[in-house]
Amino acid sequence: MEKGDEFRLSAELIKAREYECEKEVLIRPEDRPYYHLSSRVGWMNDPNGFSWYNGQYHLFYQYHPYDSHWGPMHWGHAVTEDFIHWEYLPCAMAPDTVPDADGCFSGSAITLPDGRHMLMYTGVVKDGEDPFGFTKLVQTQNLAFGDGISYEKYSRNPVLTGKDLPEGGSLFAFRDPRIWKAEDGTYRALAANDNEDSGGQMLLFRSDDALHWTFVKTFARNNNRIGKMWECPDFFNLDGQYVLIGSSQDMLPKELEYHNGNGTFYMFGDYDPETETFYERSNHAIDYGIDFYAPQTLLTPDGRRIMIGWMQNWDTCNLHVKSTPWFGQMSIPRELHVRNGILYQTPVKELNMLRKTEMVHENILIEDRGITLPGVFGRTADMELMIEAADPERMFQKFAVRFAENEEHHTGVSFRPHESILKIDRKFSGSRRAIIHQRRALVRHDRGKIKLHLLIDRFSVEVFVNDGEKVLSATINTDPRADGISFHADGSVRISVRHCHLK
Ligand code: FRU
């Protein structure tokens with residue numbers, strides 16, 4: 001008997017598993033991202049259940065195998081040992097029980113003391129329409145138990161319902177449970193919720209056995225500051241600092257923070273374990289690009305806190321045609337650290353094993369023109385740039401690097417030292433429509449000196465600024481044959497480039 005055979009699989013799950021096997025062979029590997037995880041077939045959104053189980057990292061994801069657009073949510077599944085090479089496993093969950101009849105929304109995973117992998121997720125069921133004509137979904141929290149391949153839903157689902165909510169909490173916006181084991185062996189879960197008066201909130205629940213749950217308290221409140229509804233919480237201690245992560249809908253910009261309608265935030269705060277109270281001290285965006293949402297983290301066996309996010313944006317994820325065979329990809333998994341009051345993000349060190357030919361060009365002077373450099377091109381690249389004013393007494397106006405470039409297309413990252421602004425711009429990337437395709441971030445530099453680390457994949461770029469103190473991520477839809485890279489200066493700029501082709 002194969003591992004997983006003892007599970008009773010529903011007709012819906014068997015259908016999804018057969019469908020993904022049949023359709024994935026129609027997608028050529030070169031039409032997918034090279035080192036970012038993309039949907040096996042159809043649509044992908046949030047990462048779910050990111051966890052270490054039985055010697056592998058498991059990543060589930062919000063999944064609609066039958067269409068390249070969002071629909072009744074399943075959980076797709078992939079595993080990796082190095083965060084770079086992923087292997088798809090069969091679809092893990094389908095909407096096939098009473099409390100999740102219309103979808104298995106986001107959630108998390110934990111290993112139980114008896115060795116089973118447990119998924120805690122949101123089940124949704126349609127319940128009429130709101131005054132604007134949107135379908136209302138009753139949302140409850142549910143469990144499934146498995147062996148790392150197949151999962152069986154708990155017979156006593158749901159384990160948390162509208163009855164467990166504090167006053168004012170909406171049962172139509174109660175989701176994305178993030179479970180963890182407390183030091184005393186009991187369990188906690190944070191779930192996102194909407195409060196009719198104050199907007200998004202994170203609710204804390206507790207359990208002795210991971211099966212029976214009770215409400216503890218409202219852990220964090222939006223009070224209508226950062227967007228409206230909050231989603232996908234995560235909470236951990238890192239480098240002696242408590243960090244709460246969330247994603248927010250309907251955000252409005254605050255100076256150069258929160259420029260995405262749907263975006264992510266992190267909060268630093270103090271935490272009193274006695275009263276289980278979180279005291280928020282500060283909040284910031286996690287990613288200043290266009291595409292990053294709903295991240296989850298895990299702790300590796302060697303103690304690293306790794307975060308992965310959905311590299312997409314709810315505002316721009318519906319521009320593709322229906323026949324697109326896959327849609328949705330994850331960010332590069334990023335190692336997190338807290339330094340000087342900032343959440344630093346750097347690509348996992350395992351990415352280095354993909355580095356092949358390395359080209360180094362040092363102290364290249366660019367004066368009021370654009371240049372290319374020998375050996376520096378490609379659509380799967382890891383490139384580090386050190387940029388500085390050739391003459392610190394005469395500050396340059398602008399530096400830009402363009403990539404995924406040919407006569408017609410390019411995507412650019414530009415830096416204006418007078419304004420301390422870094423901008424990502426994909427308006428010439430070949431997108432279907434000229435909607436807003438740029439984001440700006442305030443960056444630190446030492447009189448024009450700044451470090452940029454670009455991860456270029458076939459359909460994305462991630463820009464890590466100054467060793468990860470800020471990150472800008474964006475997907476691009478440019479023909480992979482557009483593989484030029486060029487450097488441009490308005491004024492006199494000196495750059496050093498370390499460029500690695502990834503193979
Ligand atoms: C976030 C989210 C979650 C929800 C899921 C549904 O992107 O809206 O709150 O669980 O997507 O697919």
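Look up a bit, the structure's there.
Residues numbered from 1 in each chain as written. Predicted model: local features only at pLDDT ≥ 70, side-chain atom pairs only at ≥ 80, totals over all residues. Heavy atoms only, no water.

1. Examining the overall build of the chain
Consideration 1: In terms of helices and strands, the chain carries one helix and 33 strands.
Consideration 2: A compact globule built from 503 residues would reach a C-alpha radius of gyration of about 23 Å, and the chain, at 23 Å, matches this within 12%.
Consideration 3: The dimensions of the chain, computed from C-alpha atoms along their principal axes, are 70 × 50 × 50 Å.
Consideration 4: Relative to its full complement of 503 residues, the chain shows a buried share of 60%.
Consideration 5: A separation of at least 24 residues holds for 59% of the contacts in the chain among residues at least 6 apart in sequence.
Consideration 6: Total accessible area computed for the chain in this model is approximately 20,700 Å², and 49% of it derives from carbon and sulfur atoms. (Helix = DSSP H or I, 4+ residues; strand = E, 2+ residues; numbered from the N terminus. Rg over C-alpha atoms; globule rule 2.2 N^0.38 Å. Buried < 20%, exposed > 50% of the residue type's maximum accessible area, 1.4 Å probe, protein only. Contact = heavy atoms within 4.5 Å. Areas by Shrake-Rupley, 256 points an atom, 1.4 Å probe, with all protein chains shown as cover.)

2. Some thoughts on the layout of surface pockets
Consideration 1: In this structure, the largest pocket encloses a volume near 1,000 Å³.
Consideration 2: For the lining of the largest pocket, the elements supplying multiple residues, two or more each, are β1 (42-53), β5 (104-111), β7 (135-146), β9 (169-181), β10 (187-195) and β13 (230-238).
Consideration 3: The dominant element in the lining of the largest pocket, judged by the number of residues it contributes, is β9, at five residues.
Consideration 4: Residue classes in the lining of the largest pocket are distributed as 12 nonpolar, 12 polar and 12 charged.
Consideration 5: By volume, the second largest pocket amounts to about 900 Å³. (1 Å grid on protein atoms, 1.4 Å probe; cavity = no way out; pocket = protein on both sides within 12 Å on 5 of 7 lines; lining within 4 Å. Points joined across faces, edges and corners; volume = space filled by probe spheres on them. Nonpolar A, V, L, I, M, F, W, Y, C, P; charged D, E, K, R; others polar.)

3. Overview of the packing of aromatic side chains
The geometry of an aromatic ring pair is captured by two quantities: the separation of the ring centres and the angle between the planes.
Consideration 1: Tallied over the entire structure, the rule returns 29 aromatic pairs.
Consideration 2: Taking 5.5 Å as the distance between ring centres and 20° as the angle between the ring planes, the aromatic pair formed by Trp-43 and Phe-327 counts as stacked. Of this pair, Trp-43 sits in strand β1 while Phe-327 sits in strand β19 (residues 326-327); the two residues are 284 residues apart in sequence, bridging distant segments of the chain. Phe-327 shares its class with Trp-43; the two are buried. (Phe/Tyr/Trp six-rings, centres within 6.5 Å; stacked < 30°, edge-to-face > 60°.)

4. Re the site of the ligand
Consideration 1: Around the ligand, a shell composed of Asn-45, Asp-46, Gln-62, Trp-70, Met-73, Phe-105, Ser-106, Arg-175, Asp-176, Glu-231, Tyr-293 and Trp-314 is seen.
Consideration 2: One of the side-chain nitrogen or oxygen atoms of Gln-62 is found 2.7 Å away from an oxygen atom of the ligand.
Consideration 3: Here an oxygen atom of the ligand sits 3.1 Å away from a polar atom, N or O, in the main chain of Ser-106.
Consideration 4: Contact with the protein chains covers 96% of the free accessible surface of the ligand, which is 320 Å².
Consideration 5: At a threshold of 2 Å from the grid points, most atoms of the ligand map onto the largest pocket.
Consideration 6: Of all the secondary structure elements, the ones that give two or more residues to the shell around the ligand are β1, β5 and β9.
Consideration 7: Tallied by class, residues from the shell around the ligand come to five nonpolar, three polar and four charged. (Near = heavy atom within 4 Å. Polar contact = N/O pair within 3.5 Å; in protein donor to acceptor, adjacent residues only side chain to side chain. Sits in = over half its atoms within 2 Å of the grid points.)

5. Thoughts on the sheet that holds strand β18 (residues 305-310)
Consideration 1: Judged by pairing direction, the sheet is antiparallel, and its four strands sit side by side in the order β17-β18-β20-β21 without closing on themselves. Both edges of this open sheet fall to β17 (293-299) and β21 (342-347), since each of them pairs with a single strand only. When the angles between neighbouring strand axes are averaged without regard to direction, this sheet yields 35°.
Consideration 2: The pairing of β18 with strand β20 (residues 334-339) spans two bridges and is classified as antiparallel. Bridge pairing in β20 places Ile-306 opposite Glu-335. (Pairing = 2+ DSSP bridges. Axes fitted to C-alpha atoms, helices over the stretch in contact; angles between N-to-C directions.)

6. Side note on the pairing of strand β24 (residues 381-389)
Consideration 1: Bridge count between β24 and strand β29 (residues 450-457): seven bridges; the pairing is antiparallel. The residue of β29 that forms the bridge with Ala-381 is Ile-456.
Consideration 2: As paired strands, β24 and strand β33 (residues 492-502) are joined by nine bridges and run antiparallel to one another. Residue Met-386 lies in a different strand from β33, and its bridge partner there is Ser-496.

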